[in-house]
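Structural overview
Listed below are the residues making up each chain.
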Amino acid sequence: NLYGFDPSRVPTRQAWDAGREAADALLAAHRAKTGQLPKKLAFSLWSVETMRHPGLLEAQALWLLGVEPVWDAGGRVIDVRLVPRQSLGRARVDTVLSATGLYRDHFPNTMKMLAKAVELAARAQENDNPVFANSRAISARLIQKGVAPATAQQASETRIFSSESGRYGTGLDDATLASDSWKGKAEGDRKLAQLYLSRMQYAYGSDESNWGTAGIALAGASSGERGGTVDINLYAEQLKGTEGAVLSRTSNLYGMLTTDDPFQYLGGLGLAVRALDGKAPELYISNLRGSGSGKVEGAG
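Since we're looking at a predicted model, the values are computed, not measured.

1. Concerning the overall build of the chain
Check the secondary structure of the chain and you find twelve helices and eleven strands. Intrachain contacts of the chain at a sequence separation of at least 6 include 74% that bridge at least 24 residues. Within the structure as shown, the chain displays about 14000 Å² of accessible surface, and the carbon and sulfur contribution to it stands at 49%.

2. Let's talk about the nonpolar core
One recurring pattern in soluble globular proteins: nonpolar side chains tend to sit buried together. Core analysis: the biggest nonpolar cluster contains 43 residues, and Leu-26, Phe-43, Leu-45, Leu-64 and Leu-114 have the highest contact counts within it. Of all the elements, helix 6 (residues 108–122) adds the most residues to this core, at eight residues. Leave out the neighbours within four places in its chain, and Phe-43 touches Leu-26, Leu-57, Gln-60, Ala-61, Leu-64, Thr-95, Val-96, Leu-97, Ser-98 and Val-246. One finds Leu-172, Leu-234, Ala-245 and Ala-272 within the second-largest nonpolar core, a separate group that totals 32 residues.

3. What about helix 7 (residues 130–144)?
In this model helix 7 runs 21 Å from its N-terminal to its C-terminal C-alpha over 15 residues, within 8% of the 21 Å that 1.5 Å per residue would give. Along helix 7, the positions that sit buried rather than exposed are Pro-130, Val-131, Phe-132, Ser-135, Ile-138, Ser-139 and Leu-142. Against helix 3 (56–65), strand 4 (94–99), helix 6, helix 8 (149–156), strand 7 (216–217) and helix 11 (234–239) lie the buried residues of helix 7. The opening residue of helix 7, the one whose side-chain oxygen lies 3.0 Å from the backbone nitrogen of Val-131, is Asn-129. Gly-146, located one to two residues past helix 7, shows a positive phi value of around 100 degrees.

4. Some details on the environment of Ala-124
Structurally, Ala-124 can be placed in the loop between helix 6 and helix 7. Once you skip the residues sitting within four places of it in the chain, Ala-124 turns out to touch Leu-82, Arg-92, Asn-129 and Phe-132.

5. So, the packing of aromatic side chains
Following the criterion strictly, the structure yields seven aromatic pairs and no others. Between Trp-46 and Tyr-265, the aromatic rings sit 6.1 Å apart at their centres with planes inclined by 65 degrees, giving edge-to-face as the arrangement. You can see Trp-46 sitting in the loop between strand 1 (40–45) and helix 2 (47–52) and its partner Tyr-265 sitting in helix 12 (residues 261–277), a full 219 residues away along the chain. Neither residue differs from the other here; Trp-46 and Tyr-265 are each classed as buried. Ring centres of Tyr-204 and Trp-211 lie 5.4 Å apart, and the angle between their planes is 70 degrees; on these two criteria the pair is classed as edge-to-face. By the burial criterion, Tyr-204 is buried, and Trp-211 matches it. Ring pairing ties together the aromatic residues Phe-5, Tyr-103 and Phe-107, which thus form one cluster. Cation over ring: Arg-20 sits above Trp-63, and NZ or CZ is 5.6 Å from the ring centre.

6. What about the confidence of the model for the chain?
In the predicted model, the chain carries a mean pLDDT of 88, and the fraction of residues at 70 or more is 85%. Long-range and interchain partners of residues 222–226, a stretch whose pLDDT sits below 50, account for one contact in this model, where long-range means more than four residues apart.

7. Re the pairing of strand 9 (residues 244–249)
Burial of strand 9 is extensive: six of the six residues sit out of reach of the surface. Here strand 9 shows no split at all, with Gly-244, Val-246 and Ser-248 on one side and Ala-245, Leu-247 and Arg-249 on the other all buried. Pairing between strand 1 and strand 9: four bridges, direction parallel. The residue of strand 9 that forms the bridge with Leu-41 is Gly-244.

8. A word on the pattern of salt bridges
Between side chains of opposite charge, a pair can form when the charged atoms approach closely. Within the structure shown, the criterion is met by 17 salt bridges. Close ionic contact of Arg-104 with Asp-105 constitutes a salt bridge, the shortest N to O distance being 3.0 Å. For Asp-105, a relative accessible area of 36% translates into the label partly exposed. Among the salt bridges present, the one from Arg-123 reaches Glu-119, with a minimum N-O distance of 3.6 Å. For Arg-123, a relative accessible area of 45% puts it in the partly exposed group.

Basis of the calculations
- Residues numbered from 1 in each chain as written.
- Predicted model: local features only at pLDDT ≥ 70, side-chain atom pairs only at ≥ 80, totals over all residues.
- Heavy atoms only, no water.
- Helix = DSSP H or I, 4+ residues; strand = E, 2+ residues; numbered from the N terminus.
- Contact = heavy atoms within 4.5 Å.
- Areas by Shrake-Rupley, 256 points an atom, 1.4 Å probe, with all protein chains shown as cover.
- Core = buried A, V, L, I, M, F, W, Y, C linked by side-chain atoms within 4.5 Å.
- Buried < 20%, exposed > 50% of the residue type's maximum accessible area, 1.4 Å probe, protein only.
- Expected span 1.5 Å × (residues − 1).
- Polar contact = N/O pair within 3.5 Å; in protein donor to acceptor, adjacent residues only side chain to side chain.
- Phe/Tyr/Trp six-rings, centres within 6.5 Å; stacked < 30°, edge-to-face > 60°.
- Lys NZ or Arg CZ within 6 Å of the ring centre and 35° of its normal.
- pLDDT = per-residue confidence, 0-100.
- Pairing = 2+ DSSP bridges.
- Salt bridge = Lys/Arg side-chain N within 4 Å of Asp/Glu carboxyl O.

Structure below.
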């Protein structure tokens, strides 16, 4: 619907209010399940979901980061600003955002807003801020590999990833059909995780001129120079330590097993984290349907 939905209003004020409540419910659910608040979560962003909930999931991500939208008089989001630590009342949560190919195409304005929100949170020098701490650690590792400090900082503050421009899907839908050729479950899981990370590693940070890139340029190397990039998957680096992954569900039209998309994206994310950390993250469904809006459910 090209006329009934305005992407510049994501999140709407109503979605923001509901999203903050949903984010608090998510934190409470994770603490009830694990005994502590999470320091890092990941979200799977879908275009059709955002069109249904006008930014409620994005509002959750913003509130976890401790950043709030700024609207103009017409209700359009024109900026974001950092919520002071004292007003937030808790530590910020490092938040990684995985966007589908359609989301990448439909919501570049929202991705730009989210990228700035991450940058603000990553530069908030607070003793209990994992966004700042994780960004500093990744930046230091990149500098050791020969990346210029400014480039390393920008990469370390990037938390939005998607597939390559013009491509859609993670490849897991077809890859799973080759399970009869795997030498055991361990090999299959490893191959699927590698495929997912390879397909979804294209970064979308605050500098739009570098959107959709994979690999990080070495200091003094031009973008077209062979061997001028660091052999590191930035998406994998940012996913390490993820304690929970979240997917929204806004419609009864499709179930979690109706199509392969939940498996491709939420399942692929969980599989990748398990391959990186040796432990799978908690998988959550943010139930945004009707009276269940804001309820957190396990995906297992």
